[in-house]
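What the coordinates show
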Amino acid sequence: MAGADSFLVPKPLQEEGDLSTQWTRFKEEFGYYLIAAEKLDKDDKIKIALLLMSIGPKGTDIFKSFKFGQGKSKEVYQDVLEKFDQTCNKTSNKILKRHQLLSMKQGSLSVDEYITELHKIARECSLGEMYEEFMVQALLLGITDDRLRRKLFEESEGITLEAAVKKCKTSETSNADLQSIKTEESVYSFRDHSSKDRKMKTEDGESGRSCCGHCGGSHPPCQCPAYGKQCAKCKKYNHYKAICRSKRKQHVHALTNNQPQESDSDSTESLLCIQDGHTELKSILEQHQSVFKSTECLPGKYSIEVDPSVKPTQCQNYKVAISMRNDLKDKLQSLTEADIAGKVDYSTPWISHALTRRKPNGKLRLCIDPANLNKAIKRNHFPMLTLEVILSELDGAKVYSLSDAKDGFLQIKLDKQSSDLTTFWTPFGKYMWLRMPFGLSSSPEEFQ
């Protein structure tokens, strides 16, 4: 018969770490110790003494603080265990532990490793009779195999933990076998194709002749029939047209004041270019200079409709970089002179942020950030044309023209009430837009 000293006693409670976790593990290992040392049937006083000798100074201090109620005694082993359970589990958040259990993912762990980690967390959750139910739920939520999860969910009504684990292990083994089979097939396939590409057999059965990059055929070394021959495509020597790698150059016809001239280009199609020197084009530009230089207005005015139930918002003034202040001041001055924006010296219900950004050409871009105003604007949901619709209407056309409206939104005037809604902050005071600004949610639809 083995003596008690021949078995390792459980690890005592430590000063640091989760007390609930330490006690749960100690209690489980101490139960194994009593069975192995044949002390389970001993008197309660002996078992309590063994417990206190093994649990360490921290556990002994906890035992000394126990106050037993009526019908309970510090000399009854089961009462002592219950008191330890109540005290040590007070500091444990069961809801958090159960959340950790259900949130545990398999990741790169094997099924056995994953189940082991789930058991470690589940023992700290005080699940009681719900232990197996929570373990099955955690397993279904955390496994990486989506197909297996779908099958287990279909059978989740009456499935046991043992059956679920068995299915997971079977699936893991099958996936590993399939992966090894695919790997072998890809290796053999690579070898077959590479050997066919490297070697070409001739009619007489000889092998070892490589595919030539000059003639496209197979021949002994230094006996290429394309040697010294001129390519009919690029006019260079020592290769055939069928395997020529040079790009074919197309002709581009440039239309000028004189006769059409031909020039080489790598384009895949012929282009008809109209250069700036064309007399007719130049006269058109000179005749309609105002169209290309100034921002004219379209007929009518746009009235912005807002939802009265939305509370007006007056945003704070954004800071503008010192390096942009002078340019911003000039920009505001030019907008005011062009009757696009105007100074505001009275109170308005809506005030938006002003956004300033540098364009690639160095000029300043000024717009507003009407995020709050856009929530109140009643949009006219006009159907916008898509690229597919436009391309379908161009079927069969041979000549195309492209026009770009200069500051398109700024060609639409706002009425007085709408201009008040577009008030925005600047370092030089408040300004409003007299034309429809960029940034409004309804601007694209109204311009269209």
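Here, every reference points to the structure presented above.
Here we come to the pairing of strand S7 (residues 364-369). By the bridge criterion, 6 bridges tie strand S6 (residues 353-358) to S7 in an arrangement that is antiparallel. Bridge pairing links Leu-355 to Cys-367 in S7. Taking the residues between adjacent antiparallel strands as the criterion, S6 and S7 are bridged by 5 residues, where Gly-362 takes a positive phi near 95°.

Here we take up the packing of aromatic side chains. By the definition in use, this model includes 9 aromatic pairs. Geometrically, the ring pair formed by Phe-26 and Phe-30 is stacked, given 5.7 Å between the ring centres and 15° between the ring planes. Remark: Phe-30 and Phe-26 occur in helix H1 (residues 19-36); sequence separation between them is 4 residues, near one turn of the helix. Each member of the pair, Phe-26 as well as Phe-30, carries the same accessibility label: buried. Ring pairs connect the aromatic residues Trp-23, Phe-26, Phe-30, Tyr-33, Phe-63, Phe-66, Phe-68 and Phe-84, which therefore count as one cluster. Against the face of Phe-134 rests Arg-98, its NZ or CZ located 5.4 Å from the ring centre.

Our focus in this paragraph is the sheet that holds strand S5 (residues 341-344). Pairing is antiparallel in the open sheet, where 3 strands are placed in the order S5-S10-S9. Looking at the sheet topology across the chains shown, the edges are occupied by S5 and strand S9 (424-426). For this sheet the average axis-to-axis angle between neighbouring strands, irrespective of direction, equals 40°. Sheet strands in contact with helix H11 (residues 322-337) are S5, S9 and strand S10 (429-433), and its direction is about 45° off that of S10.

On to the nonpolar core, then. Residues Leu-101, Leu-118, Leu-139, Ile-143, Leu-152 and Cys-168 are the most contacted members of the largest nonpolar core, which totals 23 residues. Sorting the residues of this core by element identifies helix H5 (111-122), helix H6 (131-142), helix H7 (146-154) and helix H8 (161-198) as the ones contributing at least two each. Contacts of Leu-101, omitting those with residues within four sequence positions, involve Leu-118, Ile-121, Ala-122, Cys-125, Leu-127, Phe-134 and Ala-138. One finds Leu-19, Phe-30, Ile-62 and Cys-88 within the second-largest nonpolar core, a separate group that totals 20 residues.

Take unusual backbone geometry next. Of note, Glu-38 is a non-glycine position whose phi angle comes to about 55°, a positive value. As for its placement among the helices and strands, Glu-38 is situated in the loop between H1 and helix H2 (44-64). Unlike most non-glycine residues, Asn-238 shows phi in positive territory, near 75°. Mapped onto the elements, Asn-238 comes out in the loop between H8 and strand S1 (250-255).

What counts, and where the lines are drawn
Residues numbered from 1 in each chain as written. Predicted model: local features only at pLDDT ≥ 70, side-chain atom pairs only at ≥ 80, totals over all residues. Heavy atoms only, no water. Pairing = 2+ DSSP bridges. Helix = DSSP H or I, 4+ residues; strand = E, 2+ residues; numbered from the N terminus. Phe/Tyr/Trp six-rings, centres within 6.5 Å; stacked < 30°, edge-to-face > 60°. Buried < 20%, exposed > 50% of the residue type's maximum accessible area, 1.4 Å probe, protein only. Lys NZ or Arg CZ within 6 Å of the ring centre and 35° of its normal. Axes fitted to C-alpha atoms, helices over the stretch in contact; angles between N-to-C directions. Contact = heavy atoms within 4.5 Å. Core = buried A, V, L, I, M, F, W, Y, C linked by side-chain atoms within 4.5 Å.

The values are spatial; any link to function lies outside them.
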